[in-house]
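Analysis of the macromolecular model
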Amino acid sequence: MHKTYHTKMAVDILNGSPVAVCAVIGFPHGNSTVDIKAAETLQVIKDGAAEVDMVVNVGKVLQGDWNYIDSEIKTIQDTSLRNHAKLKVIF
């Protein structure tokens, strides 16, 4: 789901089922700052998401700024792992 404010509702609806909730952060172009993405990651995990899909910063990819992308992914990965959630990266 890409509307992060629906995460808790989805968790509540799926309670008791084998289906886990995955929330998408940085949708659609990944333009949010790393700090905002980290805060969004923490919020969706707090709301019950078991997985986080992160959209990388498309502008930085197009610029070839791989140091930024590497740092961005590492930051969100650390945030996810510290809070027991899986991370998937969307390019």
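In the block above lies the structure referred to throughout.
A brief report on the enclosed structure follows. Within each chain, residues carry numbers counting from 1 in the order of the written sequence. Where local features are concerned, this predicted model is filtered to residues with pLDDT of at least 70; where side-chain atom pairs are given and counted, the filter is 80 or more; whole-chain, interface and lining totals use all residues. With hydrogens and water stripped out, all remaining heavy atoms of the structure feed into the side-chain values.

1. So, the sheet that holds strand S1 (residues 22-25)
The condition that has to hold: In this description, strands pair whenever DSSP reports at least two bridges between them. Where helices and strands are cited, they refer to DSSP runs of H or I of at least four residues and of E of at least two residues respectively, numbered from the N terminus. Axis angles are defined between N-to-C directions and span 0 to 180 degrees, where every axis is a line fitted to C-alpha atoms and, for a helix, only to the segment in contact.
With parallel pairing, the three strands of this open sheet are ordered in space as S1-S2-S3. Single-partner strands in this sheet number two, and they are S1 and strand S3 (86-90). The average undirected angle you get between the axes of adjacent strands in this sheet is 20 degrees. Pairing analysis gives four bridges linking S1 to strand S2 (residues 51-55), with the strands arranged parallel. Bridged to Ile25 within S2 is Met54.

2. Quick look at a nonpolar patch on the surface
In plain terms, the rule: For patch building, the residue pool is restricted to those with more than 30% relative accessible area and no salt bridge; the joining distance is 9 Å between like charges and 5 Å between nonpolar side chains (Val, Leu, Ile, Met, Phe, Trp, Tyr). Per-residue and other accessible areas follow the Shrake-Rupley method at a 1.4 Å probe size, with only the shown protein chains counted as cover for residues. A pair is scored as a salt bridge if a Lys or Arg side-chain nitrogen falls within 4 Å of a carboxyl oxygen belonging to Asp or Glu.
Taken together, the side chains of Trp66, Val89 and Phe91 make up a nonpolar region of the molecular surface, amounting to roughly 340 Å² of accessible area. Residue position: Trp66 is located in helix H4 (residues 66-82).

3. Some remarks on the pattern of salt bridges
Filter applied, for reference: Accessibility here uses a 1.4 Å probe with only protein chains present; expressed as a share of the type maximum, an area under 20% marks a residue as buried, one over 50% as exposed, and anything in between as partly exposed.
Within the structure shown, the criterion is met by six salt bridges. Salt-bridge contacts for Lys88 lead to Glu51; the nearest nitrogen and oxygen are separated by 3.2 Å. Placement of Lys88 in strand S3 and of Glu51 in strand S2 is noted, with a sequence separation of 37 residues between them. What makes Lys88 partly exposed here is its relative accessible area of 40%. For Lys60, the salt bridge is made with Asp65, and the minimal N-O distance between the two is 3.5 Å. Each member of the salt-bridge network shares a partner with another, and the members are Glu51, Asp53 and Lys88.

Spatial relationships are all this shows, so hold off on functional conclusions.
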